[in-house]
Amino acid sequence: KLALKAQALTLDVKVGSGAFLQDPAQARELCRTMIGLGERAQRRCLALLSDMNQPLGRAVGNALEIRESLEVLKGGGPEDLRTLTLALAALMVLTAGLEPDLERARERVAPLLGNGQALEAFKAFVAAQGGDIRALDDPERLPQAPHRQELHADRSGILVAVDTRELGLAAVELGAGRLRQNDPVDPAAGFLWQLRLGRTVEAGQTMAILHTSLPDRLDGAGERMRRACRILPPQDCPPGWAPPPLIHAWMDHQGEYPWP
């Protein structure tokens, strides 16, 4: 990031089962280290510490995530993804010095998803890189997998944990990512996740909708995803347990602050 000569940096540092660092204390130390590096390079740097103990939004996979991003840029989409998008945008405004405090920065970015400005900016970014913006107006032009299959829960209970790293490996198995540098990536592959931590799951309920060009991978990827979920009877849930917050804190060179 510094090599690109950006004058200010906003970092989204993840913590949880799918993150580079799963321990909150280590993730906080990573935030402080990167902020310090930015300051030493005379770049203002802020960081958001956000949760990765479950998928953000619903979509996992290239074209599926673009579709979901377009929903958010039009003012819709999953609530958690929309919330985090606006939080990062507010921090970017604050980092760049365009507003004097976080409250004003949040007020400034709040209308941008609904009024079309964010979508138009995204179209400009895609066009500047030689992309086909027709797919942004008509998402049906995006790659679509020929094989789709629903994955159903095999038990009822409360979803108390998700190994998001295992979900990521399931997406790779479906063709959405690489294990080796030369592995091909299918832009249409991935899945749409349907569950949220802390919610009741019924046996037979749809957990995810799998998308792939490799139908022989569907069963294996589905079983990996089932194993990644811990579903407990309500009476077995730990007392006082609650899902982690989407945003843990934000940080600058002076310290850490709760997200308002």
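Located above this text is the structure these notes cover.
Within every chain, residues take consecutive numbers counted from 1 along the sequence as written. A pLDDT threshold of at least 70 governs which residues receive local features in this predicted model, and a stricter bar of 80 or more applies before side-chain atom pairs are shown or counted, although totals over entire chains, interfaces and linings include all residues. To obtain the side-chain values, all non-hydrogen atoms of the structure were included, while hydrogens and water were left out.

A.B. asks: Can you lay out the side chain of serine 50 for me, pointing to particular residues and giving the numbers?
C.D. replies: By secondary structure assignment, the location of serine 50 is in strand E2 (residues 44-51). Relative accessibility under 20% of the residue-type maximum defines a buried residue, over 50% an exposed one, and the middle range a partly exposed one, all with a 1.4 Å probe and only protein chains included. Overall, the relative accessible area of 0% leaves serine 50 in the buried class. Pairs of N or O atoms are called polar contacts if they sit within 3.5 Å, as long as, within protein, a hydrogen donor faces a hydrogen acceptor (for residues adjacent in sequence, only side-chain-to-side-chain pairs). Within the structure, the side chain of serine 50 is placed 2.6 Å from the side chain of aspartate 12, a separation counted as a polar contact. We call two residues contacting when some pair of their heavy atoms lies within 4.5 Å. For serine 50, the residues in contact, after removing those within four places along its chain, are Asp12, Val13, Lys14, Val15, Leu84, Leu246, Ile247 and His248. To qualify as a helix, a DSSP run of H or I must reach at least 4 residues; to qualify as a strand, a run of E must reach at least 2; elements of each kind are numbered from the N terminus.

A.B. asks: Requested: an account of the sheet that holds strand E9 (residues 229-232), with residues and values cited.
C.D. replies: Any two strands are treated as partners once DSSP identifies two or more bridges connecting them. With antiparallel pairing, three strands are arranged side by side in an open sheet as E7-E5-E9. Either end of the sheet is taken by a strand with one partner, and the two such strands are strand E7 (200-201) and E9. Here strand E5 (residues 157-162) runs beside E9; their pairing, made up of four bridges, is antiparallel. Looking at E9, one finds that alanine 161 is bridged to arginine 230.

A.B. asks: I'd like a description of the pattern of salt bridges, backed by residues and values.
C.D. replies: Here, a salt bridge means any side-chain nitrogen of Lys or Arg that lies within 4 Å of a carboxyl oxygen of Asp or Glu. Per the stated rule, a full pass over the model turns up 16 salt bridges. A salt bridge links arginine 104 to glutamate 99, with the nearest nitrogen and oxygen atoms 3.6 Å apart. The network of salt bridges with shared partners includes Glu99, Arg104 and Arg108.

A.B. asks: Quick rundown of empty space enclosed by the protein? Include the residues and the values.
C.D. replies: Over the atoms rolls a probe the size of a water molecule, and in doing so it shows where empty space is left. Points on a 1 Å grid, built from protein atoms alone, make a cavity when a 1.4 Å probe fits but cannot get out and make a pocket when they are open with protein on both sides within 12 Å along at least 5 of 7 lines; residues with an atom within 4 Å of a point are the lining residues. Grid points are joined across faces, edges and corners, and a volume is the space filled by probe spheres set on the points. Evaluated as defined, the whole model comprises one cavity of 30 Å³ or more. Taken as a whole, the largest cavity holds about 30 Å³ of empty space. Lining the largest cavity, in full, are Asp154, Arg155, Met207, Arg226, Cys229 and Ile231. For the lining of the largest cavity, the class distribution of residues is three nonpolar, no polar and three charged. Any residue that is not Ala, Val, Leu, Ile, Met, Phe, Trp, Tyr, Cys, Pro, Asp, Glu, Lys or Arg is counted as polar, Gly included; the first ten are nonpolar and the last four charged.

A.B. asks: So what's going on with the pairing of strand E6 (residues 190-193)? Residues and values would help.
C.D. replies: Sheet topology places strand E3 (residues 59-60) next to E6; two bridges connect them, and they run antiparallel. Opposite alanine 59, over in E6, you have leucine 192 as the bridge partner. Two strands pair when backbone bridges link them, and E6 and strand E8 (residues 206-212) are joined in this way by four bridges, in the antiparallel orientation. When the bridges of E8 are listed, glycine 190 appears paired with histidine 211.

A.B. asks: Lay out the sheet that holds strand E10 (residues 247-252) with the relevant residues and their values.
C.D. replies: Backbone-to-backbone hydrogen bonds join strands into a sheet, with any given pair of strands oriented parallel or antiparallel. Strand order in the open sheet formed by four strands is E1-E2-E10-E11, with mixed pairing between adjacent strands. Edge strands, defined here as strands with exactly one partner in the open sheet, are strand E1 (8-15) and strand E11 (255-257). Each strand axis lies, on average, 25 degrees off the axis of its neighbour in the sheet, ignoring direction. Here helix H3 (residues 79-95) sits on the sheet in contact with E1, E2 and E10, set at roughly 165 degrees to E2. Inter-axis angles, ranging from 0 to 180 degrees, are taken between N-to-C directions of lines fitted to C-alpha atoms, where helices are fitted over the stretch in contact.

A.B. asks: Go over unusual backbone geometry, please, and point to the residues and values.
C.D. replies: With a phi angle near 65 degrees, lysine 5 is a residue other than glycine that sits in the positive phi range. Position of lysine 5 among the secondary structure elements: in the segment before E1. Take lysine 5: its relative accessible area is 60%, and that puts it in the exposed class. Although it is not a glycine, glutamine 42 adopts a positive phi angle of roughly 60 degrees. Following the sequence through the fold, glutamine 42 ends up in the loop between helix H1 (24-40) and E2.

A.B. asks: Mind laying out the pairing of E10, listing which residues take part and the relevant values?
C.D. replies: With five of six residues buried, E10 lies mostly within the body of the structure. Here E2 runs beside E10; their pairing, made up of four bridges, is antiparallel. Bridging from a neighbouring strand, serine 50 pairs with isoleucine 247 of E10. Relative to E11, E10 runs antiparallel, the two sharing three bridges. Paired with aspartate 252 across the strands is glycine 255, a residue of E11. In sequence, E10 turns back onto E11 through a hairpin of two residues.

A.B. asks: Summarise the packing of aromatic side chains; cite the residues concerned and give the values.
C.D. replies: Pairing of aromatic side chains here covers Phe, Tyr and the six-membered ring of Trp, requires ring centres within 6.5 Å, and sorts the geometry by plane angle: under 30 degrees stacked, over 60 edge-to-face, intermediate tilted. Under the defined criterion, the tally for this structure stands at two aromatic pairs. Here tryptophan 250 and tyrosine 257 contribute two aromatic rings whose centre-to-centre distance is 4.7 Å and whose plane-to-plane angle is 35 degrees, an arrangement assigned as tilted.

By themselves these figures say nothing about function.
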